[in-house]
Amino acid sequence: MAHTGYSPALVALSIAIAVFASYAALDLGSRIRRPEAGPSWAWGAAAAVAMGGGIWAMHFVGMLAFEMGMPATYDLGLTGLSLLIAVAVTAAAFAWVARRGTGPGSLLAAGPIMGVGVAAMHYTGMAALQVPGNLAYNYSVVAASVAIAVTAATAALCLTFRRNRPWQKLAAACVMGLAVAGMHYTGMAAATFTAEADGAHAAHATALPTSQQTSRWPWLA
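Computed from a predicted structure; not experimentally measured. (Residues numbered from 1 in each chain as written. Predicted model: local features only at pLDDT ≥ 70, side-chain atom pairs only at ≥ 80, totals over all residues. Heavy atoms only, no water.)

Help me understand the overall build of the protein, please; the structure alone is not making it clear to me.
For the protein, the helix and strand inventory stands at 6 helices and 7 strands. Helices (α) and strands (β) of the protein occur, in sequence order from the N terminus, as β-α-α-β-β-α-α-β-β-α-α-β-β. Looking at the 221 residues of the protein, the share that counts as buried comes to 47%. Sequence-distant contacts in the protein: of pairs separated by 6 or more residues, those separated by 24 or more amount to 86%. Entry remark: accessible area of the protein is about 10,000 Å², with carbon and sulfur atoms responsible for 68%. (Helix = DSSP H or I, 4+ residues; strand = E, 2+ residues; numbered from the N terminus. Buried < 20%, exposed > 50% of the residue type's maximum accessible area, 1.4 Å probe, protein only. Contact = heavy atoms within 4.5 Å. Areas by Shrake-Rupley, 256 points an atom, 1.4 Å probe, with all protein chains shown as cover.)

Sorry if this is basic, but what is going on with the confidence of the model for the protein here?
Where the model shows low pLDDT, its predicted coordinates should not be examined in detail. Looking at the protein, the pLDDT average stands at 79 and 82% of residues meet or exceed 70. Every residue in residues 198-221 scores below 50 in pLDDT, and together they form 60 contacts with partners more than four places removed in sequence or on other chains. (pLDDT = per-residue confidence, 0-100.)

Looking at this model, I keep getting lost on the nonpolar core. Mind explaining?
A general feature of soluble globular proteins is that nonpolar side chains tend to end up buried together. Formed by 50 residues in total, the largest nonpolar core has its most connected members in F94, M126, Y137, L157, M176, V180 and F193. Counting residues per element, the ones that place at least two in this core are helix 1 (8-29), helix 2 (40-65), helix 3 (76-100), helix 4 (104-127), strand 5 (133-137), helix 5 (139-162), helix 6 (166-189) and strand 6 (191-195). Among the elements that line this core, the one with the most residues is helix 4, at 8 residues. Dropping the residues within four chain positions of it, M126 is found in contact with H59, M63, L135, Y137, M188 and F193. (Core = buried A, V, L, I, M, F, W, Y, C linked by side-chain atoms within 4.5 Å.)

Teacher, can you tell me more about the packing of helix 1 against helix 6 here?
Two quantities define a packed helix pair, namely the angle between the helix axes and the distance between the axes. For the pair helix 1 and helix 6, interaxial distance at closest approach is 7 Å and the crossing angle is 135°. By the angle between their axes, helix 1 is oblique relative to helix 6. Classified by chirality, the crossing of helix 6 by helix 1 is right-handed. Note on element contacts: helix 6 touches helix 1 through P166, K169, L170, A172, A173, C174, M176, G177, L178, V180, A181 and Y185, opposite V11, S14, I15, A18, V19, S22, Y23, L26 and D27. Of the residues that constitute the contact of helix 1 with helix 6, the class distribution is 16 nonpolar, 3 polar and 2 charged. (Axes fitted to C-alpha atoms, helices over the stretch in contact; angles between N-to-C directions. Parallel < 35°, antiparallel > 145°, perpendicular 65-115°, else oblique. Left-handed = near helix turned anticlockwise from the far one by under 90°. Nonpolar A, V, L, I, M, F, W, Y, C, P; charged D, E, K, R; others polar.)

Now the structure itself:
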């Protein structure tokens, strides 16, 4: 397996990006149910761009923080697709709230939409990664990363639309931002990179049993 580690400074930057983007997105999104604020679609679109772009930026800063000891490039098409997924799914979550309201049932549907979108963006971004080696996943940890994203996204939306004070919005942003970062680094813990002497041109995703996995949590690197 390739030796891996993390740059603490870039890890911290990625988390900060996720929190700030979440605050901007949740603040904008909270206005979609206020008639006096203007067209709900405009606020939803702005929130989607802020959140989707923030998720995407956090992911690739997190990848810059990841030191795998081998050269890496990215497929341009899949990298662009990962950004579109992040923005589109976030837009769908806010559109759902705009249409269905902020009741518990609506938020319990919107949260998983956003959480799954965060996970889809991450794993599409990982599919774009091209390294001279193999990439394998522990799917039980992958499932845990998705669960983190869904649970925390739902909690963040509930805090955003059920509370209005600035500190409560900040709390929601921290929950969402840490969810994005937590999902990313849990997803990275699910991945194992194996260098190939032949120098293959792309990482190939396969499944490994838990006994063959090595988790790499950033705070233990």
